[in-house]
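Each chain, written out:
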Amino acid sequence: MNGEEEFFDAVSGFDSDNSSGEFSEAHQKVTGMIDLDTSKNNRIGKVGERPSQENGIQKHRTSLPAPMFSRSDFSVWTILKKCVGLELSKITMPIAFNEPLSFLQRITEYMEHVYLIHRASCQPQPLERMQSVAAFAVSAVASQWERTGKPFNPLLGETYELVREDLGFRFISEQVSHHPPISAFHSEGLNHDFLFHGSIYPKLKFWGKSVEAEPRGTITLELLKHNEAYTWTNPTCCVHNVIIGKLWIEQYGTVEILNHRTGHKCVLHFKPCGLFGKELHKQKKLFVIYGKWTECLWGIDPVSYESFKKQERRGDHLRKAKLDDSSGKADSDVADDVPVTQETVQVIPGSKLLWRINTRPPNSAQMYNFTSFTVSLNELETGMEKTLPPTDCRLRPDIRGMENGNMGASLQSEEGAGARGALARVGEWFYPGNNPYTGTPDWLYAGDYFERNFSDCPDIY
């Protein structure tokens with residue numbers, strides 16, 4: 001361990017056993033503090049305003065029909081106190097702790113920054129493509145910052161589709177298993193430039209003061225023009241202070257992105273709050289990424305990065321890491337400290353911007369801290385019911401009731417809903433198999449969904 005106190009690192013090293021050697025060998029590590037300030041948002045319209053179509057492109061809603069429910073009248077401790085260390089997928093939580101989205105829609109938020117995939121597809125060099133793919137992998141978790149509500153558990157057979165011609169993709173997901181809960185998804189570029197797919201079955205555990213979501217399942221991105229496939233898994237997500245104190249979220253763990261054609265690898269290290277940094281094993285570094293998963297990512301060559309960090313250490317040698325002697329207390333009545341706010345990422349001269357998060361709408365705090373992209377996900381436009389299958393979660397009454405501010409209509413038990421969902425055929429649009437690149441168990445897209453033959457789909461709601 002070193003002597004510098006660092007929080008929430010996102011460390012990336014690109015390495016390859018078959019590198020050409022044109023990049024200097026350097027060891028790299030990155031510090032990136034999470035920015036808690038979400039007050040600097042651009043205004044995008046009044047609450048409830050629906051802009052008209054522009055240049056033939058459908059404009060999506062900018063606000064939810066009703067503000068979020070208060071959770072102050074509910075005690076999660078009465079439910080969770082017997083669940084310390086247990087897996088939570090079978091625990092029914094009060095609806096007030098939900099957000100008006102299905103987990104299938106939460107998965108769809110991966111696509112908010114899909115332009116990074118399009119950009120990767122257009123870049124001629126594999127190192128440049130890996131940079132954009134890495135930025136996309138980080139952007140996929142960025143919308144979770146301050147999202148302390150849990151999505152509704154999908155019913156078995158539940159589906160969700162999203163077609164965004166303006167963003168150049170279409171997306172389909174399905175709940176293919178109820179116990180254990182497994183969600184499968186498949187997305188493709190409308191210009192036939194990519195396939196993006198995977199299956200996710202997170203394991204939720206309660207640890208006395210926090211709820212931890214451990215990711216399971218492989219994420220796969222195929223860039224068709226380059227005949228390349230990239231695979232990775234998501235970092236672990238943890239919600240702190242579920243009993244007392246201010247709720248806050250962190251992501252931690254190591255995410256390795258592998259290009260299966262070239263052998264290049266990107267290592268992203270999401271560092272947990274309050275732990276000292278530890279040097280990664282030395283490998284040939286081709287590029288260094290640094291920044292915050294809640295704000296932006298920058299990239300620079302390893303030599304310039306190391307030179308800057310050495311100068312920074314020389315000028316900052318008096319800074320000492322301080323450990324709180326009371327941090328060992330694990331009593332449920334002591335809240336975990338929220339990380340200190342840092343305004344922005346310190347940009348190293350010569351860096352290039354890889355990705356920046358979209359600003360959230362000004363009323364985001366009253367809308368479950370949704371992004372503008374997320375606000376549109378449960379929108380049910382006139383006539384859409386005629387084209388959707390009866391399993392689409394836009395048609396789910398409990399989620400719709402919560403979105404409309406009707407708590408009584410949303411009190412349907414998710415366990416009871418799951419029992420009704422069991423009438424659906426398992427794997428209507430996906431089938432179990434092995435990932436073609438990793439060989440690990442996966443759920444693969446069977447095709448034909450967008451031919452829209454939904455006559456055999458049951459009404460699970």
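Note that the structure is predicted; figures quoted are calculated from it, not measured.

About the cut-offs
Residues numbered from 1 in each chain as written. Predicted model: local features only at pLDDT ≥ 70, side-chain atom pairs only at ≥ 80, totals over all residues. Heavy atoms only, no water. Helix = DSSP H or I, 4+ residues; strand = E, 2+ residues; numbered from the N terminus. Buried < 20%, exposed > 50% of the residue type's maximum accessible area, 1.4 Å probe, protein only. Contact = heavy atoms within 4.5 Å. Core = buried A, V, L, I, M, F, W, Y, C linked by side-chain atoms within 4.5 Å. Phe/Tyr/Trp six-rings, centres within 6.5 Å; stacked < 30°, edge-to-face > 60°.

1. Section: the overall build of the chain
Here comes step 1: When you go through the chain residue by residue, the secondary structure sums to eight helices and 19 strands.
Here comes step 2: When each of the 461 residues of the chain is scored for burial, the buried share is 53%.
Here comes step 3: Contacts spanning at least 24 positions in sequence make up 69% of the contacts within the chain whose residues lie at least 6 apart.

2. With respect to the side chain of E158
Here comes step 1: Among the structural elements, E158 can be located in the loop between strand 3 (150-152) and strand 4 (159-164).
Here comes step 2: Taking relative accessible area as the criterion, E158 reaches 0% and is therefore assigned buried.
Here comes step 3: Other than its neighbours up to four places away in sequence, E158 contacts S102, L104, S173, E174, Q175, T391, C393, R396, I460 and Y461.

3. Let's talk about the nonpolar core
Here comes step 1: If you look at the biggest cluster of nonpolar residues, it comprises 65 residues, and the most contacted ones within it are Y110, M111, F194, F196, W232 and I257.
Here comes step 2: In terms of residue count, helix 4 (residues 126-142) provides more of this core than any other element does, 11 residues in total.
Here comes step 3: If near-sequence neighbours (up to four positions away) are discounted, W232 is found in contact with V133, F136, A137, F196, G217, T218, I219, L221, V255, E256 and I257.
Here comes step 4: In this structure, I172, A184, W429 and W443 belong to the second largest nonpolar core, which totals 11 residues.

4. Observations regarding the packing of aromatic side chains
Here comes step 1: Using the criterion set out here, one finds 14 aromatic pairs in the structure.
Here comes step 2: Centroid distance Y290 to Y305: 6.3 Å. Interplanar angle 35°. Geometry classified as tilted. With Y290 in strand 15 (residues 288-292) and Y305 in helix 5 (residues 302-315), this residue pair connects regions lying 15 residues apart in the sequence. Exposure class is identical for Y290 and Y305. Each is buried.
Here comes step 3: With 5.1 Å between their ring centres and 85° between their planes, W429 and Y449 make a pair best called edge-to-face. Of this pair, W429 sits in the loop between helix 8 (414-421) and strand 18 (430-434) while Y449 is found in the segment after strand 19 (441-445), placing the two residues 20 residues apart along the sequence.
Here comes step 4: With relative accessibility at 0%, the residue Y449 sits in the buried group.
Here comes step 5: The rings of Y110, F136, F171, F185, F196 and W232 are connected pair by pair, giving a single aromatic cluster.

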